[in-house]
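Working through the structure, step by step
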Amino acid sequence: MNASPPDPDLDAALLPLMLWLSPAFPVGSFAYSQGLEWAVENGDVHDARSLGGWLVDCLTFGAPRADAILFAESFRAAAAEDWTALIDANALAVALAGSAERRLETTAQGAAFVTAARAPWDCAPLRRLADEARVAYPAAVAAAAAGHGLPIEASLQAFVLAQVAAAVSAAVRLGPIGQTDGQKIQATLVPRIRALAREAASSTLADLGSCAFRADIGSMRHETQYSRLFRS
């Protein structure tokens, strides 16, 4: 069977996205569990199957889906050099954070991303966001991707995958799964990540919505959890 010809747009996008969304990029993603620490403490997540189910629900109904839609809105605004729309999308992303820790997670990583990316990868959208008091992580990454002419769907795939990988890494460190199960879960979720990226790429703000109540409760309960390894 003949292989498909390479996509030059995708090839051009891969290396910057791999760098920006690598665990080595200094945004501190290792410090956050997205509420998973409470879910493990409470017994909601206790093995590979329960973690996989938790992540599927989040991708389908929760914050990762909302962040992907907000990423797409920010990307389109940045690509069009519509700075008012970019600032509005960023403000909405901050405002929609479902808990104090969720807001900390997105704004701390967003600010760190803008600072780290501007040194070697500066562009007009990042400069615009740098003036904001709070920067949401999806808006920051989207601004860099659009500012450097990367394709929106590939950028969304990489962004969502990085969120899943961070959650799986947190679960491995919390103990209910090992590294092999973590890799299996990520491989299983690849089709859902691609589907979410396609959906978000053609979305509007009218598509925003969330009903992953258990994950939201976990994020709130984590704020007063007695023993904590993560900041969220």
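Above this text sits the structure in question.
What this report covers is the structure whose coordinates are included nearby. (Residues numbered from 1 in each chain as written. Predicted model: local features only at pLDDT ≥ 70, side-chain atom pairs only at ≥ 80, totals over all residues. Heavy atoms only, no water.)

**Here's the deal with the packing of aromatic side chains**
Geometry of an aromatic ring pair is reported as the spacing of the ring centres plus the angle between the planes. Following the criterion strictly, the structure yields six aromatic pairs and no others. Plain terms: the ring middles of Tyr-137 and Phe-159 are 5.6 Å apart, the flat faces sit at 45 degrees to each other, and that makes the pair tilted. Note that Tyr-137 is positioned in helix α8 (residues 137-147) and Phe-159 in helix α9 (residues 152-174), a separation of 22 residues in sequence. With relative accessibility at 6%, the residue Tyr-137 sits in the buried group. Assessed through its relative accessible area of 1%, Phe-159 is described here as buried. (Phe/Tyr/Trp six-rings, centres within 6.5 Å; stacked < 30°, edge-to-face > 60°. Helix = DSSP H or I, 4+ residues; strand = E, 2+ residues; numbered from the N terminus. Buried < 20%, exposed > 50% of the residue type's maximum accessible area, 1.4 Å probe, protein only.)

**Quick notes on helix α5 (residues 83-95)**
For an α-helix, the turn length of 3.6 residues means that residues three or four places apart are oriented alike. The first and last C-alpha atoms of α5 sit 18 Å apart over 13 residues, in line with the 18 Å expected at 1.5 Å per residue. Those residues of α5 not exposed but buried are Trp-83, Leu-86, Ala-89, Asn-90, Ala-93 and Val-94. An end-on view of α5 places all buried positions within 135 degrees of arc, on one side of the element. Exposed positions of α5 whose direction lies more than 90 degrees from the buried face are Thr-84 and Ala-95. Close packing links the buried residues of α5 with α4 (63-79), α6 (100-121), α7 (124-130) and α8. (Expected span 1.5 Å × (residues − 1). Arc of directions from axis to C-beta. Contact = heavy atoms within 4.5 Å.)

**Describing the environment of Ala-200**
Turning to its location among the elements, Ala-200 is positioned in helix α10 (residues 179-201). The spacing of Ala-200 and Gln-179 is 21 residues in sequence and 29 Å in space, taken between C-alpha atoms. Residues contacting Ala-200, with those up to four places away along its chain left out, are Ala-68, Ile-69, Ala-72, Arg-76 and Leu-156.

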